[in-house]
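# Inside the fold
What follows is each chain in one-letter form.
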Amino acid sequence: MTCIAFRAGRFAADRQVTGEHKTPTNKIVAIDDEELGRIYIATAGKVTSGERFKTWVKRGRKGRPPSTSYIDCIVAIRAARTVEMWEVGEGVLARTPIARELAAIGSGARYALGAFTMGASARKAVLVASQHDQYTGQGVDTVRVW
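Read on for a plain summary of the structure. Not measured: the values here are computed from a predicted model.

Scanning the entire structure with this criterion turns up eight salt bridges. Of the charged contacts, one joins arginine 95 and glutamate 35 as a salt bridge, the two residues approaching to 3.8 Å between their closest N and O atoms. Taken together, the residues span a long stretch of sequence, with arginine 95 in strand 7 (residues 92-97) and glutamate 35 in the loop between strand 3 (28-33) and strand 4 (37-45) at a distance of 60 residues. Judged by its relative accessible area of 31%, arginine 95 is partly exposed. For glutamate 35, a relative accessible area of 56% corresponds to the exposed category. Between lysine 54 and glutamate 51 there is a salt bridge, and its shortest N-O distance comes to 3.3 Å. Note that lysine 54 and glutamate 51 are positioned in helix 1 (residues 47-58) at a spacing of three residues, about one turn of the helix. Overall, the relative accessible area of 2% leaves lysine 54 in the buried class. For glutamate 51, a relative accessible area of 28% gives the class partly exposed. Salt bridges here are not isolated pairs; linked through shared partners, they connect Asp33, Glu35, Arg61, Glu84 and Arg95.

As structure tokens, this is what we get:
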């Protein structure tokens, strides 16, 4: 899987790709959304499902959304300075705000959340996760959202 963490306006994601899809992909993607403005979307889980979901968002979220059964998805909305979990159930997109400005998804999420408890940045949280989770590693990419 992977580890993606968000804290204090920054995303961090490991570079490791495991499973059915060995080609590296951008785990964090910036998209200019008609309704929301600039958003940053990050997915963890089955790579092909994550790429399909990001493509649907890039195309304006038109038509029936692809299933998110095999992925976790965090979206940061720059203009609103909010972070949300997005998921699709029965063909409908559900957007759930995250109360605090920190989140972690993927197989390394519990290690990242533990690192957050100790005051770690998003980047450091992913590095900690990579020390404990066999599906997290190969370096860290970071993106400043605000």
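Next up on the list: the packing of aromatic side chains. Any aromatic ring pair is given by two values, namely how distant the centres are and how the planes are angled relative to each other. The full count for this structure, using the stated rule, is three aromatic pairs. Judged by centre distance (4.9 Å) and plane angle (70°), the ring pair of phenylalanine 6 and phenylalanine 11 falls under edge-to-face. Looking at phenylalanine 11, the relative accessible area reads 0%, which means it is buried. Geometrically, the ring pair formed by phenylalanine 6 and tryptophan 146 is edge-to-face, given 5.6 Å between the ring centres and 65° between the ring planes. Of this pair, phenylalanine 6 sits in strand 1 (residues 3-7) while tryptophan 146 sits in the segment after strand 9 (140-144), and the two are 140 residues apart along the sequence. As far as burial versus exposure is concerned, phenylalanine 6 and tryptophan 146 are alike and both buried. Site record: aromatic cluster; members linked through ring pairs are Phe6, Phe11 and Trp146. Sitting over the face of the ring of tyrosine 70, lysine 46 holds its NZ or CZ atom 5.4 Å from the ring centroid.

Thresholds, definitions, all that
- Residues numbered from 1 in each chain as written.
- Predicted model: local features only at pLDDT ≥ 70, side-chain atom pairs only at ≥ 80, totals over all residues.
- Heavy atoms only, no water.
- Salt bridge = Lys/Arg side-chain N within 4 Å of Asp/Glu carboxyl O.
- Helix = DSSP H or I, 4+ residues; strand = E, 2+ residues; numbered from the N terminus.
- Buried < 20%, exposed > 50% of the residue type's maximum accessible area, 1.4 Å probe, protein only.
- Phe/Tyr/Trp six-rings, centres within 6.5 Å; stacked < 30°, edge-to-face > 60°.
- Lys NZ or Arg CZ within 6 Å of the ring centre and 35° of its normal.

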